[in-house]
Structures are given as C-alpha cells and as structure tokens.
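Observations on chain architecture
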Amino acid sequence: MSAKRLSRRTILRASGVCLALPLLEAMATPSRSVLAMAPEGKLRMGFFYVPNGKHMPDWTPAEEGPKYQLTKTLEAIAPFRQKVSVLTGLTLDGARAHGDGGGDHARSGAAFLTGAHPRKTDGADIQNGISVDQVAAQAIGGDTRFASLELGLEGSAQSGNCDSGYSCAYSSNLSWRNATSPLAKENNPAALFDRLFGSNASNGKTPDAKDHAQRYRKSILDSVLEEANGLKKSLGQSDQRKLDEYMYSVREVENRLGRSDLVVKTDGDRVDYARPAGVPKELDEHCRIMLDLYTLALQTDSTRIISFMFANEGSNRAYTQVEISEGHHELSHHGKSGEKQEKIAKINRYHMTKLAYLLAKLDAVEEGSRTLLDNCMLVYGSGISDGDRHNHDDLPILFCGTAAGRIRQATHLKFPKETPLCNLYLWMLTQMGVKTDSFGDSQGVVRIG
Amino acid sequence: MIFYRRYIGIIAAVLIVISGLGMSTGELTADDAKLSTRWQAVQPLLIQYCGDCHSGEDAQAGVRLEKFANPGQILQARKTWLKISQQIEANIMPPAQSEPIPAADKVKILEFIQDATNAINCVKDPNPGKVTVRRLNRFEYANTVRDLTGVEYPKAYEFPGDDVGYGFDNIGDVLTLPPILLEKYIEAAEEISKTAIVVPPAGKKHKTEWTGSQLKIDKGGRASGNFASLSSAGEAYAFEQIPWAGAYRLVVTASGDQAGDEPVKAAVVVDGKPIKTLIIPNKRGEPKEYAVTLRLKSGRRKIGIEFLNDFYRDDGNGKKQDRNLMVEHVTLEGEKAGAKIADSELPESHKRLILQTPTGENDTEAATRQVVQRLTNRAFRRPATASEIDRWVGMAQQVQADGESFEASIQVVLQGLLLSPQFLFRIEKQRNPTGSSKYAQLDEFELATRISYFLWSTMPDDELFRLAAKKQLSDPQILREQIQRMLKDRRANQFVENFVGQWLQLRKLDEFQPSKQQFPQFNDALRNAMKRETFTFFASVMRNDESVLNLLDSDYTYLNQALAEFYGIRGVEGEQFRRVSLDGTVRGGLLTQASILAVTSNPTRTSPVKRGKFVLDNLLGTPPPAAPPGVPELKEKGELTGTLRQRMEQHRADPACAACHQLMDPLGFALENFDAVGRWRLKDGVDDIDASGELPGGIKVEGAVALRKLLKDKYQDRFVRCLIEKTLTYSIGRGLDYYDLCAVENIEQQLKQSDYRFSTMVYEIVRSDAFQKIGSRE
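Residues numbered from 1 in each chain as written. Chains lettered and ligands numbered in written order. Predicted model: local features only at pLDDT ≥ 70, side-chain atom pairs only at ≥ 80, totals over all residues. Heavy atoms only, no water.

1. Examining the packing of aromatic side chains
Here is the rule: Two rings from Phe, Tyr or Trp (for Trp, the six-membered ring) form a pair when their centres sit within 6.5 Å of each other. Planes less than 30 degrees apart are called stacked, planes more than 60 degrees apart edge-to-face, and all others tilted. Only DSSP runs of H or I with at least four residues qualify as helices, and only runs of E with at least two residues qualify as strands; both kinds are numbered from the N terminus onward. The classification of residues rests on relative accessible area computed with a 1.4 Å probe and restricted to protein chains. Under 20% of the type maximum is buried, over 50% is exposed, and intermediate values are partly exposed.
Throughout the structure, instances matching the rule amount to 45 aromatic pairs over all chains. Seen from their ring centres, Y294 of chain A and F308 of chain A are 6.2 Å apart, and the 75° between their planes marks the pair as edge-to-face. Here F308 of chain A lies in strand β8 (residues 305-309) and Y294 of chain A lies in helix α9 (residues 283-299), a separation of 14 residues in the sequence. Both residues of the pair, Y294 of chain A and F308 of chain A, count as buried. When the ring of F499 of chain B is compared with that of Y730 of chain B, the centres are 5.4 Å apart and the planes differ by 65°; the resulting orientation is edge-to-face. Placement of the pair is F499 of chain B in helix α16 (residues 493-503) and Y730 of chain B in helix α24 (residues 703-732), with a sequence separation of 231 residues. Of the two residues, F499 of chain B and Y730 of chain B, both sit in the buried class.

Below, the structure written as structure tokens:
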C-alpha cells in the first residue's frame, strides 16, 4: 500500500503556524511530508484514563446487547453510539491488595495498562510490568516518528507519599517501557506541539541548516554513549540500571534521527493549529488543546499509539467547572451519601464530555471511506470501579472505534465475572499485528464485535 | 518510611503510660539458639491470639504466622514483623472485638520480635547503605546549569519524570530518564550552549587567480603561452567583482626581458589609475612575485598591470635591445575579519567559560585544552581524567577542523557536556575500602557534591572545590565552618523550598482549591503568603541556628499585612514579611500555620483525619498503617449521618477502622478551631467547635495549645527523630532502612547535646556514615 499524502489543502490551510522541522529531525534531508497520512486503514491504539472509579449505578446499562439504553453518565457519547461499546465485568486483578494492604489508587494507575501487580515500595526496587501500549510500540512503533506518546493533564505528584507506601511513580504513570521504567507524561501542550511540529514553529523561523548545534548532535550522542559505556563498568548494579536507562533513551533518540526520512519539511507547510502558549490555567482549555493534539498526532501519523491520563490516580481535584468544590478523591469515599454520589456522577459526566470531545475530533477526520475514529481502538476507563469500595472487578470501560471496520460496536457486552481486562488488551495487540498469545494476566482473548 | 523500633514513638509511649510496661531498649544481641527457643514459645501465642485471621491461604494482609519456622526467617521478613509488633503494641491488633492479648504474653511477644528484628550492632561497622546514582532533578538541573554556565533556563522546571519516592523528588531509585526527557535535555543543551557562548561571525575570504594568458590585453602585447606578454606600452588586465571594500593583496608573478639602462617597470593600475610602480629586474624564465596591497572599493573593478618603460633599439648590426614585460600570474586575495565582539558586549557566561582564546594557530590546542579541561572538571564536579578531557578536546578539534571558530568549538563541547551522564547524574564510583571499615569512603569531591546538593540543590562552588582539591573538606573543623557558611548563603533557600516544600507538603498547596463560596477571602496572594510564612519561619530557625524544637513551638512567626489580618493580628503593615510576636495568640510553631492547616484540608471542610495523619506522618514519624484495602465492610452499611464528628465516630465504631482512627482523629480534632484555610473559628456552620479528643490510654487533648504542649512535653524526642529521618532521607536520596538506626541515633544524641541547634543536625548528618560511606543494599 502506498503512503497516501495528505493534501495540504485538506487539513493544512491558511495561516497558522509555519511548520519547521521537529527538533530532532532538523539534520535530516526531508523526503516525505510530516503531514503524510497513515497508510489507509492503519490501526491506532489509544487510551483515556480517569481516576477514582465511577458512580456505577449511573454507569452500567441495565440491558445487555445492542438494544441497551444509554445511562445517565453515558449520554454524552450518544452521537457516537454506533462506534462505541460498553464493556462491563472486566477485572484488574493486579490492582488488588494480594496481601499488600492499602494503596488501591496507586496500584490501579500502575496496573491499568500493565495488568501487573505493582510491588509495594516507596522508591527502592520499583517493579511493575510492561504496559500494553509499549508492547505495541515496541512492535510497530518504528513505522512512525514517535513509537508512542504519553500524555496527561498533570505532572507527577509533587510531594508526600502518594498512596499508602507506594511511590508516586505508580499513581502518576500509565505507560511502562518495562517493569522498572515508567514513561513520564507530557502535560505541556506547547512542548507537545513542538515535539510534533517543531520547536521553531513558534516564530516561523526555519531551522538554520548550518546550525552547528544540530550539526554535531549525532557525534555528541555517540560520544556520550561511549562515555556511558566506559562509566558503567565502574558502577554497582543499581547504578548500572540507571545508566542502562540513560543509554536506552540516547539510542532511542538516535534511532529517531535515523527514522527522519519519515518526516519532513518543506518551507511553507502550515498546520492549521496555533502553537499553544503553555499550560493554560483553565482545565477545560488545557484538556481541549491536549485532545486536539492527541487527534493531530494520530491524524498526521506522527504516532499510532497514545495514552492519556486525565488526572493522576487518587487525584483530589475539585471540579469547579461543574460546581463541585469538594475534592474528587474525598467524594469518592462517599460512605453511601446520596449527595456525594450525585456529585461523583456529575464528575463522571464531566469526564464523559471530554471523551465525547475527543471522539468528535477523531470522527471528523476522514481517512478514505472511514474516519480516524473508525481506525482507532480506544479504551476509556478507570482501574477502580466504585471509589468507596475500591473494587477492581466490573470496571467501567468503554471501547471506542471499530478497529478499522473489523468489529461492529454499539453494544453492551457483559463479560463473565473476573474476566481479565488484559483479555481485551490481548485482542487489541493481535489487531495491531503483535504476535503474542498472552499479555499481563490475560487468560485468553475477549470475544468482541 | 523507616522500619526500626517504631514503637518507641507515640504508640509505645501511650502504651507505657497506661500499662506501665517496660520495654527493653538496650543493646540487643541475637543469640540464635536462645532466640529459637523463645520462638518456639512465642509462635503458639501468636497463633492463639492472631491465627484466626493470620494463617492459611486466606491470611489477612498475607501474614501467615505458621509459615515462619525460625528467627532467621523473621529477620528476613523484618519489615513485616516490625509492622506486626507496632500493631500489637498499639492495640491495633488484635482488633477490639477479639480477645485481647494479656499483658504478660504481649511483653513476651514484643520483646521477642524486637530481639529477632533488631539484630543490628552499631559498634560493629553497620552498613551505611547504598544510594542509587541520582539524576539531577529539575530544580537541581536548573540551578546547576546556572552555576556552571551563568545561563538561566526556566524551561527546566517543566521537565517531566521527577517522580516522588519516600516523600521527596530527589530519590535515586525513582528518578527515571525516559526518552522524552532526553529530548528535552538535548534541546536544553543546544539552547544553553548557544546562550552561554557567543560565536563571533566568521571572517570571509575572497581570492581570485589568473594565469597571464587569462588577462586581457587591448594593445601592446598578447598572450603567449601562459604569459601575458607586453612588448610595448599597454596593460594586461581583468575585471573583478570586489565583494567588500577594504584591503586586498595583489600578487603579480612577473619577469622581463631586460634591456637599456633601467629594469622593467610596471604599474599596478586600478580602474585606470596607477597605484604603485613595480620594478622588475629579473629575467625571463626567472619569474618573481611582486606583492602590493590595494585598497579597493566594492563593485566591479578593473585591475591591470601596465608596462611603463618600453625600450627598443636596433643598432643595425644585428644587436637588438628589447625590453618587454611578462606577466605570468596574478592573484588577488582579500580577507575580512569577523566582526569582533567587544568584551563589554559579551555575556558574563561567555567570559566565565572562555577564559582564554588562542592568539594564533600555535597556541590553539593549548587554549582548547585549557578551556575544555576547566569546563569538564566543573561539569563533572571533579577533576576529569586525561582520557575524558581528550574526548572533549577531540570534539572541539573536530569542530575547529571543520572551519568553525574556537568559540564555536567550545560551544559544541558545552553542548556535549550538558548531555554527558557524568553531568546529568551524580556519579559515585565503586571503590575498595581503604581504612579499617569494610565500607569505602566517598572521595572529597563526591563529598563536596553531596553536601552542595543537600544544602543548595546545586553544584559545589569554587570554595568547596578548592577545599576538596586540598583534601580538607573532611576535616571536622573545616566541615563545620563550611556548613555554617552554606546555611547562611542565599543558595540555602533551595534547601528550605525543596526540603520543607516536600516534607510539609507545601508544594501541594499550589493545587489546593478551597471552595470559593465558603472561603471567598482565599486567593493566590494569600496562598503565596502562607507558603512564604512557613519558608521564612523555617529559614529563620536555620539561619539563626536556633533550636529545631522551635519548629514545634515558637512564640513568633513571620507575617505580612495580609496574612496578619487573616490571622487577626494587628499592627503589621505592608507587603513585607517580618518577625511578629505570637504572644497571647493560640498560634505558634509549624502546626498552626495556615499553610499546613490548609494543605491538610478538603476543599469545603477541614479533615481531622488528614490533619491527624499529617502529625503522625510528618511530625512524629509514626505513620499510621494504611487503610485496609477494598474497605468492603462499608458496602454493607448504611449511609453515615450527622455532624462530621458524629460521622467520624460512626466510622470509628467499625473495629477495622478504629485502631488507626483513634490515633489520628483526636490529633486532628484538637485543630478544629482552624477552618479549611487556617482561619480561627469558634463555630462550624451552626455547630460549636468541639476541639476535644481522647488518645488511646485516656490522654485527653483539647485545642491547639494543649496539642502543642502535649507534643512538646511527651513527644519532643519523637519529633526530633522524625525531623532527622526526613532530613537524612532528603540528604542521601534514599529511603532509610533498619541499619540506618545507628546513624539516626547518633545524630539525635549529638543534637541533644547541642541544645538542638539546627546546624548541629546538618553537621551530624553530613558527618554520618550514611552520608559519607558507600555500603550495600539489603
């Protein structure tokens, strides 16, 4: 299948920001447009995480199958009903205590994409598992400039103990490159824009080909790699692991330089999107821009895999946007208070409007006979079911997109109790072309569509 | 947090008060045989009182008491056993509805656990622990870049990847380096090096050459072979586009047929105007170069060589005298120096980094080496080895060989050094111990680096480097002086902001969004003032070298007008923070500062639980056990109703919750006179505030003043130890472990003897083995 070029007239119109070379690609000779689209029908894998569980009575549809009634919380996705299914009964066993006591929030965040049971530690010997997006990224990420993107609206937690003796690395990171290396999220829209479309895009400068900083980038990376190699021998084991992490990142970036024929740059390319100024103060605005960039990244085939964390797990944010002044986590321990449960439901609905926004953006992008949303497999949900009980079975999960037409959506699938969430992930991995017969705690593949 | 003898803390103190139990806290030696015998007696007791829940497949918390065959296995699972002992001691376990353990058996069990788990002997070279190599976190990166290069790089504050472990963001184990961060480092290195060093615009060269035959001749001669041969008056010339006005060097290679009484003469002519006369006495076949400097205007110029003194005489008898000019080659060469940047226009950073510039080709290598070496030493925070310096000198030379300037080559080296693992990580090499200890000592430079990042969150300054080079930093007297100096230095504000900001969770205050309806007076200015109060207060204890106990209770604080009014204190005017007496108020010490009261609240109300937990976690170092997972019991229960206190009492009625909440809640209730943003109040809505509570053992506490007195009278040691533990954790960048007991106890002892002076705590931490030696992980 030949790569289809996106006509500049379709998405790149008028003025906006001059697209300069993405930072790490500046050395390369351009050969294909950065705005080239994915080959037709290429599958994308996306995740959208919300913390603290749901008010489940407002979430779960009463009826199974395609004739289910949208519940109060699900109403926001009515326009996309045909392209979304509600999956109930899925379980995240790794998030359970298994003798480790409290810490459900940290475990839920860490386990949501890994299916692993994170080791209880405040720092030493962090141990989780590789996440599903990273398995896919390692298999197919080489086809795009970014193997994957990890996005969010919050940075890592700032201080204190995040949850009952668990390091904040667990509750702040969905994506894990391997059992010990979480992948930090990008939460600054300006920085994300620069990564995607070039750091010079802001002022319309085209990169100076003679810029020696960029000219020597490669030899510098070679040089520091050599240095790291020499250094490693003189270090102890735990230190060597850190150096390995450093060397991995250096190589990864070098590879990306090598992959720069996937990118491009012609003077005058313009993306019809203004470079964000930074991190907006308003949550709504912040979220909107991040989801726009989520869409643009997939649309421009900069990557095919994205994880997005609306808030860190256990977040106690007050949603003043919907007149909720209590903290989300605090409310989630509702003690059966009807008033608190209504407030949680309200927050849940607020989150759903954000998902609906993303779905609308994705669905507005045409890719051949389908839309970008059709070509997605997007999982929305939380690693906790009811926030008061901290249970990890019967998770609130939506599965969006038709996997490039491979499945029929628009139904409520109720899985047998204790069906691992990883069964769904295993199915998704298979669709992405990853050859594996297990993932996380999977026991098989879900039957879907 | 730390897993040793926790029960000497609040829980134990309470227990001792009520039951009069004594606990053996002296030196403990593990006599294996005796311990085994004791275990045979203790295990059945444990199974009798706890086995219902803690044995078999479904054992609660995964604690299967029947599985431990001998004391060795207990030592291996010492963390679990320390928790067990803590919970038994605090009457958390067995839960209230179960049969309590009789006092005698309890002592037997606890003493056994203590002996089995605390087999650490401080006299015998205890393990100083191993810190995982620490990447600079974003604050350290920004500070270090500033001190290394003079460039401020605020973008660093948005770097991702600084996760928190053990309450702090400088813990080696959790500081990862994902590719996204490396990308940002690359971008930063390029920006910083370009800002730091100014590369002068490169000079330009212009050169054109003609062979004689390429020159034009209108009359008087012709091209002959490679020559322009002028046999009579005439000019050999060429047009040239002169790129810039200035001096050009014209080299004419010429010879002549000599005849008559003078040598061949020629003139260099520009646009028809003779500039200089050339005397060309050399014969044909022996060309010579004649150089002339021309000042040319830019634009198209005609440059010619005119033959001036043609001479021809034929004496009629076959003897001819003929004078001719042969122009063989012409070179025109101009060089324009790069614009020199005046010293006054160079940024400070440039002057600091480029201490020397070569004067010519001869000393380029020496200058390169000089500059690179100094830069590498400083970037690596130690003298770099010859091969390390060679690597970066080689990089500079590669750049120079590509025709770039000296400055550009140093710019590239700086760019590289900022990406070097030895800059990004604080490397401490493995080495063999030299003294009597089986653990190696840090070298002086590593020590300087540890101290400097501890107190300043940045690289050592010149004075520390100098002392390290002279191996004087480990000298106790000098070390003490340095610590005094460093604590007084402005850079120690970084310690206050980074340590206190995390220890007391003030960074979370930035995200705190109290309800606008309920707390309309709360705004960002007030938020900042609250933080500022706590930072300034702590800094004053630090800089004035006061007793650390002042943190717990003081009769002063620092306020500006806005915050003073918020507190209801009169007579403070203006934006400026100043020391304000708290005599006659209920406030005093950290715990009644609005920053802490707010950060432990929910957006719409106070949370006595969070406040109580804050006291236990951060002031007393006895974190309560985590809430049970799943909280399934609540599912079966109805909705909780009534006032906050009543709801909490209903919650406490649940035995699974009671054990911990009976510790947390009373501590938090005592602070109920402060609302969710830290303002004094007598009512919560319509209800009168009830700030009373009862700790286990019947200890009653009502109100903030009484709580402060209780903490000071009964738990002063516990607070001091907690502060030491937190500071030590922050300073060495790892969680503490049981073997750190020795270091902590020693620091505590020294601190007591110095009337708790702040600098003594810092000094003793720096002096400790945990800080100065390289041990192993267990």
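2. A short note on the pattern of salt bridges
Basically, it comes down to this: Think of a salt bridge as a Lys or Arg side-chain nitrogen and an Asp or Glu carboxyl oxygen that are within 4 Å of each other.
Applying the stated criterion across every chain yields a total of 77 salt bridges over all chains. Measuring nitrogen to oxygen at the nearest pair gives 2.7 Å for the salt bridge that ties D194 of chain A to R275 of chain A. Of this pair, D194 of chain A sits in helix α5 (residues 189-197) while R275 of chain A sits in the loop between β7 (270-271) and α9, placing them 81 residues apart in sequence. The salt bridge involving E745 of chain B is made with R721 of chain B; its shortest N-O contact spans 3.5 Å.

3. Notes on helix α12 (residues 421-431) of chain A
Of all the 11 residues making up α12 of chain A, 10 are buried; the element is thus mostly covered by neighbouring parts of the structure. Residues L421, C422, N423, L424, Y425, L426, W427, M428, L429 and Q431 of chain A constitute the buried set of α12 of chain A.

4. Notes on the sheet that holds strand β4 (residues 149-152) of chain A
All names here are of chain A. Spelled out, the test is: Being paired, for any two strands, means DSSP has found at least two bridges between them. Throughout, an axis means a line fitted to C-alpha atoms (over the contacting stretch in the case of helices), and angles, computed between N-to-C directions, take values from 0 to 180 degrees.
Pairing is mixed across the open sheet formed by 7 strands, whose spatial order is β4-β8-β2-β11-β12-β3-β13. The open sheet has two free edges, formed respectively by β4 and β13 (412-420), since each of these has just one partner strand. Sheet twist, expressed as the average angle between the axes of neighbouring strands with direction ignored, equals 20°. Examined bridge by bridge, strand β3 (residues 84-91) and β13 share 5 bridges and lie parallel to one another. Considered in β13, the bridge of T91 is made with P420.

5. Points about the interface of chain A and chain B
The criterion, for reference: When checking whether two residues touch, look at their non-hydrogen atoms; a contact exists if any pair is within 4.5 Å. Once two parts are put together, the accessible area they lose, assessed with a 1.4 Å probe and summed over both, is termed the buried area. Polar contact is defined as a pair of N or O atoms within 3.5 Å, subject to the rule that within protein one atom must be able to donate a hydrogen and the other to accept it, and that residues adjacent in sequence are counted only when both atoms are side-chain atoms. Here the nonpolar group is Ala, Val, Leu, Ile, Met, Phe, Trp, Tyr, Cys and Pro; Asp, Glu, Lys and Arg are the charged ones; every other residue, Gly included, is treated as polar.
Across the contact, 82 residues belong to chain A and 83 residues belong to chain B. Buried area between chain A and chain B, both sides added, is near 6,800 Å², and the carbon and sulfur share of it is 54%. Between E330 of chain A and R605 of chain B there is a salt bridge, and its shortest N-O distance comes to 3.6 Å. For the pair chain A and chain B, the interface holds 26 residue pairs in polar contact (both at pLDDT 80 or more). If one sorts the elements of the side of chain A that touches chain B by residue count, helix α8 (residues 237-258) of chain A sits on top with 12 residues. In terms of residue class, the side of chain A that touches chain B is built from 27 nonpolar, 31 polar and 24 charged.

6. Points about the pairing of strand β21 (residues 699-702) of chain B
Residue and element names in this part refer to chain B. Residues I699 and V701 line the buried face of β21, whereas the alternating positions K700 and E702 sit on a face that is not buried. Of the strand pairs in this sheet, strand β20 (residues 692-695) and β21 are connected by 4 bridges, and their pairing is antiparallel. By the bridge assignment for β21, E694 is matched with K700.

7. Here we look at the sheet that holds strand β9 (residues 273-280) of chain B
Adjacent strands of a sheet pair through backbone hydrogen bonds, lying either parallel or antiparallel. Residues and elements named next belong to chain B. Pairing within the open sheet is antiparallel, and its 5 strands lie in the order β3-β6-β11-β8-β9. The sheet is open, and its two edges are formed by β3 (216-217) and β9, each paired on a single side. By the bridge criterion, 5 bridges tie strand β8 (residues 264-270) to strand β11 (residues 299-307) in an arrangement that is antiparallel. Residue A266 lies in a different strand from β11, and its bridge partner there is F307.

8. Some details on unusual backbone geometry
The phi torsion of most residues other than glycine is negative, and most of the peptide bonds are trans. Residue and element names in this part refer to chain A. Residues other than glycine seldom take positive phi values, yet N52 does so here, at roughly 70°. For N52, a relative accessible area of 1% translates into the label buried. Although it is not a glycine, D125 sits at a positive phi angle of roughly 60°. Looking at the secondary structure, you find D125 in the loop between α2 (104-111) and α3 (132-140).

9. A few points about the environment of D713 of chain B
Tracing the backbone through its elements, the reader meets D713 of chain B in helix α24. At a separation of 2.7 Å, a polar atom in the side chain of D713 of chain B contacts the side chain of K709 of chain B.

10. A few points about the packing of helix α20 (residues 608-619) of chain B against α24 of chain B
Residues and elements named next belong to chain B. What counts is decided by this rule: An angle counts as roughly parallel when it lies under 35 degrees, as roughly antiparallel when it exceeds 145, as roughly perpendicular when it falls between 65 and 115, and as oblique in every other case.
Across the interface, α20 lies against α24 with an axial gap of 8 Å and an inter-helix angle of 60°. Classified by the angle between their axes, α20 and α24 sit oblique to one another. Contacts between α20 and α24 involve V615, D617, N618 and L619 from the first element and L711, R718, F719, C722 and K726 from the second. Its residues placed into classes, the contact of α20 with α24 shows 5 nonpolar, 1 polar and 3 charged.

11. Quick word on helix α7 (residues 217-232) of chain A
Heads up, the condition is: Helix span, as expected, comes to 1.5 Å for every residue beyond the first.
The end-to-end C-alpha separation of α7 of chain A is 22 Å, in line with the 22 Å expected for 16 residues at 1.5 Å each. Residues R217, I220, L221, S223, V224, L225, E227, A228 and L231 of chain A constitute the buried set of α7 of chain A.

12. Details of the confidence of the model for chain A
Predicted coordinates in regions of low pLDDT should not be interpreted in detail. Basically, it comes down to this: Every residue gets a pLDDT, meaning the predictor's confidence in that residue, from 0 to 100.
Considering every residue of chain A, the mean pLDDT works out to 84; 83% of them sit at 70 or more. Residue range residues 200-210 of chain A is modelled with pLDDT below 50. Its contacts to residues more than four positions away, or to other chains, number 16 contacts.

13. Quick word on the side chain of N498 of chain B
Along the chain, the position of N498 of chain B falls in helix α16. With relative accessibility at 6%, the residue N498 of chain B sits in the buried group.

14. Re the side chain of S452 of chain B
Position of S452 of chain B relative to the elements: it lies in helix α13 (residues 444-456). Sequence-distant contacts of S452 of chain B, defined by excluding residues within four places in its chain, comprise S457, T458, M459, P460, L464 and M486 of chain B.

15. Focus on the pairing of strand β7 (residues 246-257) of chain B
Remark: a regular strand shows side chains that alternate across the two faces of the sheet. Residue and element names in this part refer to chain B. Most of β7 sits out of view: 10 of its 12 residues are buried. Both β7 and strand β10 (residues 288-296) contribute to a ladder of 9 bridges, which runs antiparallel. Counterpart to A254 in the pairing with β10 is K288. Here β7 pairs with strand β13 (residues 320-336) via 10 bridges, running antiparallel. Residue pairing across strands places V251 opposite T331, the latter belonging to β13.

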